[in-house]
Amino acid sequence: MSTERISARYVDLDAWETGEALEAMLEGQLSAVAAVRAALPALGRAVDDAASRLGEAGRLVYLGAGTSGRIAVQDGAELTPTFDWPRERLVFAIAGGEGALVASAEGAEDDEDAAVAAMDAAALGPADVAIGVAASGTTPFTIAGIARARAAGALTIGIASNADAPLLAAAERPILIETGGEPIAGSTRMKAGTAQKVALNLISTGIMLRMGRVYRGMMVNMRAANAKLRRRAEIIVARIAGCDEETARAALAEGDGDIKVAVLVVLGAEPDAARARLAASAGNLRLALADLQ
């Protein structure tokens, strides 16, 4: 596997001065990000398929082990505060359970039965989307989970850094990101891990774009859960509706903190009418504004 080979570029890494070693490792990080470009068509197909499946009730399911599992959980955990994605519409299946998020549980990645049990417990169906991440693409836990999710009718996405990996064959939407040899052979927390984070960022954010949870580059579904976010919500409403921040603050109060409702309130809608308009537009503010005009 390319992720396991010793890279000639880094073979004397431990003998270099610190600055030289760091520069070489940064070079590897940049190449990992660049490697994602070749996967953009596959990523785009995965995003469009996922957005069309999820609808009003579908769940995003993240599967992984070790570094890949921790990166996957990080991506999913950010969706609720950023896009108000309901926590009940997230499923995390990580080899070794929650404890593996803060401590290594290397043996757990071979437990296929645990992955199957996790998918069965989630009772997956055609509206769900399962994303499996494994740098090698050979992790038994992740492959078994993706295979079970696919058998249940869920859309399955597999991300791996080695061509012809079993995970890519198991997933309906395979995404190959060839990051090559690591600065430290086999330490996929480096290049492969960076590429995984980028790919997951693109997938999850792309899904939220397609599902109307972003408007003009702003987080219009954001939960204003603290003073900083309440201030951000006021600024967002003011920018979109073309009003001052005091007016925006009052509209947010009328709309129970919902940014999209507040925008429509500033533009003349009653809160209940604003909610109805958004419901008719599947929560898409752009469509709701076009209808209002």
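Up top is the structure these notes are about.
What comes next concerns the included structure. Keep in mind it's a predicted model, so treat the numbers as computed, not measured.

Further remarks concern helix H12 (residues 271-280). Taken together, the buried positions of H12 are Pro-271, Ala-274 and Leu-278. In a view along the axis of H12, the buried residues occupy a sector of 60°, so they form one face of it. Away from its buried face by more than 90 degrees, H12 exposes Asp-272, Ala-279 and Ala-280. Looking one or two places after H12, you find Ala-282, whose phi comes out positive at around 55°.

By way of backbone hydrogen bonds, the strands of a sheet pair with one another, either parallel or antiparallel. Pairing in this open sheet of five strands is parallel, and the strands run E2-E1-E3-E4-E5 from one edge to the other. Two strands in the sheet have a free side with no partner beyond their single neighbour: strand E2 (90-94) and strand E5 (173-176). Pairwise comparison of adjacent strand axes, ignoring direction, gives a mean angle of 15° for this sheet. As paired strands, strand E4 (residues 155-160) and E5 are joined by four bridges and run parallel to one another. Directly across from Ala-160, in E5, lies its bridge partner Leu-176. In the packing of helix H6 (residues 140-151) onto the sheet, the strands contacted are strand E1 (60-64), E2, strand E3 (129-133) and E4, and the crossing angle to E3 comes to about 165°.

About the cut-offs
Residues numbered from 1 in each chain as written. Predicted model: local features only at pLDDT ≥ 70, side-chain atom pairs only at ≥ 80, totals over all residues. Heavy atoms only, no water. Buried < 20%, exposed > 50% of the residue type's maximum accessible area, 1.4 Å probe, protein only. Helix = DSSP H or I, 4+ residues; strand = E, 2+ residues; numbered from the N terminus. Arc of directions from axis to C-beta. Pairing = 2+ DSSP bridges. Axes fitted to C-alpha atoms, helices over the stretch in contact; angles between N-to-C directions. Contact = heavy atoms within 4.5 Å.

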